[in-house]
Amino acid sequence: HELTMYYSMFTSVNVLRHNPTVKSEAAQHGFKDMTYGFLGYPVSQAADISIFKAHLVPVGEDQIPHIELARKIVRRFNDLYKPVLIEPEVLVGDVPRLVGLDGRAKMSKSLNNAIFLADTPEEVWQKIRNAVTDPARIHKTDPGHPEVCTVYEYQRVFNPEEVQEIENDCRQGHIGCVNCKKKLSEKINQLLEPMRERREKYKNDSIREILMEGTKKAHRTALDTMEEVREAMGINYL
Ligand code: SF4
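One structure accompanies this document, and this report is about it. Just so it is clear, the structure is predicted and the values come from calculations on it, not from any experiment.

1. Describing the pattern of salt bridges
For the structure shown, the criterion picks out 13 salt bridges. The shortest N-O distance in the salt bridge between Arg-230 and Glu-2 comes to 2.8 Å. In this pair, Arg-230 sits in helix H10 (residues 205–233) while Glu-2 sits in helix H1 (residues 2–10), placing the two residues 228 residues apart along the sequence. What makes Arg-230 buried here is its relative accessible area of 17%. Look at Glu-2 and you get partly exposed, because its relative accessible area is 25%. Between Asp-119 and Lys-127 there is a salt bridge, with the nearest N and O atoms lying 2.7 Å from each other.

2. Quick look at the site of the ligand
Close to the ligand lie Thr-133, Asp-134, Arg-137, Cys-149, Val-151, Tyr-152, Cys-170, Ile-175, Cys-177 and Cys-180, which account for all nearby residues. More than half of the atoms of the ligand fall within 2 Å of the grid points belonging to the largest cavity. Taken together, the elements giving at least two residues each to the shell around the ligand come down to helix H7 (150–158) and helix H9 (177–202).

3. Structural notes on the side chain of Arg-137
Along the polypeptide, Arg-137 turns up in the loop between helix H6 (121–129) and H7. The charged side chain of Arg-137 is buried without a salt bridge, its nearest counter-charge being Asp-134 at 5.6 Å. Within the local environment of Arg-137, its side chain forms a polar contact with the backbone oxygen of Asp-142, the two atoms lying 2.8 Å apart.

4. Some points on the packing of aromatic side chains
Any pair of aromatic rings gets described here by the distance separating the centres and the angle formed by the planes. One pass over the full model with this rule turns up five aromatic pairs. When the centroid spacing of 6.4 Å and the interplanar angle of 70° are considered together, the rings of Tyr-7 and Phe-77 count as edge-to-face. Within this pair, whereas Tyr-7 is found in helix H1, its partner Phe-77 is found in helix H5 (residues 64–80), the two being separated by 70 residues in sequence. Of the two residues examined, Tyr-7 and Phe-77, each falls in the buried class. Look at Phe-31 and Phe-38: their rings are 5.0 Å apart centre to centre, the planes differ by 85°, and that puts the pair in the edge-to-face class. Within the aromatic cluster, the residues linked to one another by ring pairs are Tyr-7, Phe-10, Phe-77 and Tyr-81.

5. What to know about the environment of Val-178
Note that Val-178 resides in helix H9. Judged by its relative accessible area of 54%, Val-178 falls in the exposed class.

6. With respect to the pairing of strand E1 (residues 56–59)
Taking every second residue as pointing to the same face, the buried face of E1 carries Val-57 and Val-59, while none of Leu-56 and Pro-58 on the other face is buried. When E1 meets strand E2 (residues 89–92), the two strands line up parallel, connected through four bridges. Residue Val-59 lies in a different strand from E2, and its bridge partner there is Val-92. Since E1 and E2 lie parallel, the crossover through H5 that links them has a hand, and here it is right-handed.

7. Comments concerning the layout of surface pockets
Of the voids in this model, the largest pocket is the one considered here, and its volume is about 520 Å³. Taken together, 22 residues line the largest pocket, and the ones lying closest to its centre are Leu-98, Met-107, Ile-115, Leu-117 and Phe-158. In terms of residue count, H9 provides more of the lining of the largest pocket than any other element does, four residues in total. In the lining of the largest pocket, the residues fall into 16 nonpolar, two polar and four charged. When residues of the lining of the largest pocket are sorted by domain, at least three fall in each of domain 1 (2–97) and domain 2 (121–201).

Reading the values: rules and limits
For every chain, the first residue of the written sequence is number 1, and numbering continues from 1 along that sequence. Reporting of local features is limited, given that this is a predicted model, to residues whose pLDDT is at least 70; pairs of side-chain atoms are given and counted only at 80 or more, and all residues count toward the totals for whole chains, interfaces and linings. Just so you know, side-chain values use all the structure's heavy atoms and leave hydrogens and water out. Whenever Lys or Arg places a side-chain nitrogen within 4 Å of a carboxyl oxygen from Asp or Glu, that contact is recorded as a salt bridge. Each helix is a run of H or I in the DSSP string that is no shorter than four residues. Each strand is a run of E no shorter than two, and both are numbered from the N terminus. The buried label goes to any residue with under 20% of its type's maximum accessible area, the exposed label to any with over 50%, and the partly exposed label to all in between, with areas taken from a 1.4 Å probe on protein chains only. Any residue with a non-hydrogen atom lying within 4 Å of a molecule or strand is treated as near it. Both site types are read off a 1 Å grid over the protein atoms alone. A 1.4 Å probe that fits but cannot get out defines a cavity, while an open set with protein on both sides within 12 Å along at least five of seven lines defines a pocket; lining residues have an atom within 4 Å of a point. Each molecule is assigned to a cavity or pocket provided more than half of its atoms lie within 2 Å of the corresponding grid points. For the purpose of charge, His is not counted, nor are the chain termini; Lys and Arg are scored as positive and Asp and Glu as negative. Polar contacts, as counted here, are pairs of nitrogen or oxygen atoms within 3.5 Å of one another; within protein the pair requires one atom able to donate a hydrogen and one able to accept it, and residues that are adjacent in sequence qualify only if both atoms are side-chain atoms. The aromatic pairing rule takes the rings of Phe, Tyr and Trp, using the six-membered ring of Trp, and pairs them if the centres are within 6.5 Å, calling planes under 30 degrees apart stacked, those over 60 edge-to-face and the rest tilted. DSSP calls a pair of strands paired once it identifies at least 2 bridges connecting them. The definition of a right-handed crossover adopted here requires that, viewed with the strands pointing away, the path from the first strand over the helix to the second runs clockwise. Grid points are joined across faces, edges and corners, and a volume is the space filled by probe spheres set on the points. In this classification, Asp, Glu, Lys and Arg are treated as charged, Ala, Val, Leu, Ile, Met, Phe, Trp, Tyr, Cys and Pro as nonpolar, and every other residue, Gly included, as polar. Where each domain starts and ends follows an automatic or database-derived domain assignment.

Now the structure itself:
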């Protein structure tokens, strides 16, 4: 949109090219040449954040370079024109990044290796059942190596009470992977259950009303910010 266009006028292609997340995503998708839209995506993200005057942006670790760039862009705008925009800060959770169920770099919708908050208990179980474990374990009694196992990574996050016991049992070949996965699936389903209930409660009309109310509020903020931006740039004749 309009703010993205203003930002793209003073953001260099070199800066965008050196963004580590853009580089790793390009490698992941096998892009030899990056399109204008792909390369410029962090610029529109910077506009999406700053138009709402966000102070804090909750993100996963891989998004940190994008927010850093958003900060740079906002700072540059404020220096060039007038300090009307807010430099957003990164808010990273206790678990900055979770490996994908297939053992790949991260859980991601586009890689189809993620558990969704809306998944049913059965879907969660099926996904975990197929998750990658220690390839050296063929029989239940084979000693395992939790450090190479995706399920173990998840146990550390979702099942901290039992993780030590699981680690010992795995190393000694006292627990089978199916059993271990069942424990994890139960834990994740326990965590998701209250979310499922809330989802059910808001499923019908009220969710639409909440969204419409939020959209109206966001729209008003965006209009105000754009007025300030145009005024700062001296183009408020629009
Ligand atoms: S027992 Fe659990 S931690 Fe050990 S390899 Fe199997 S799934 Fe991984």
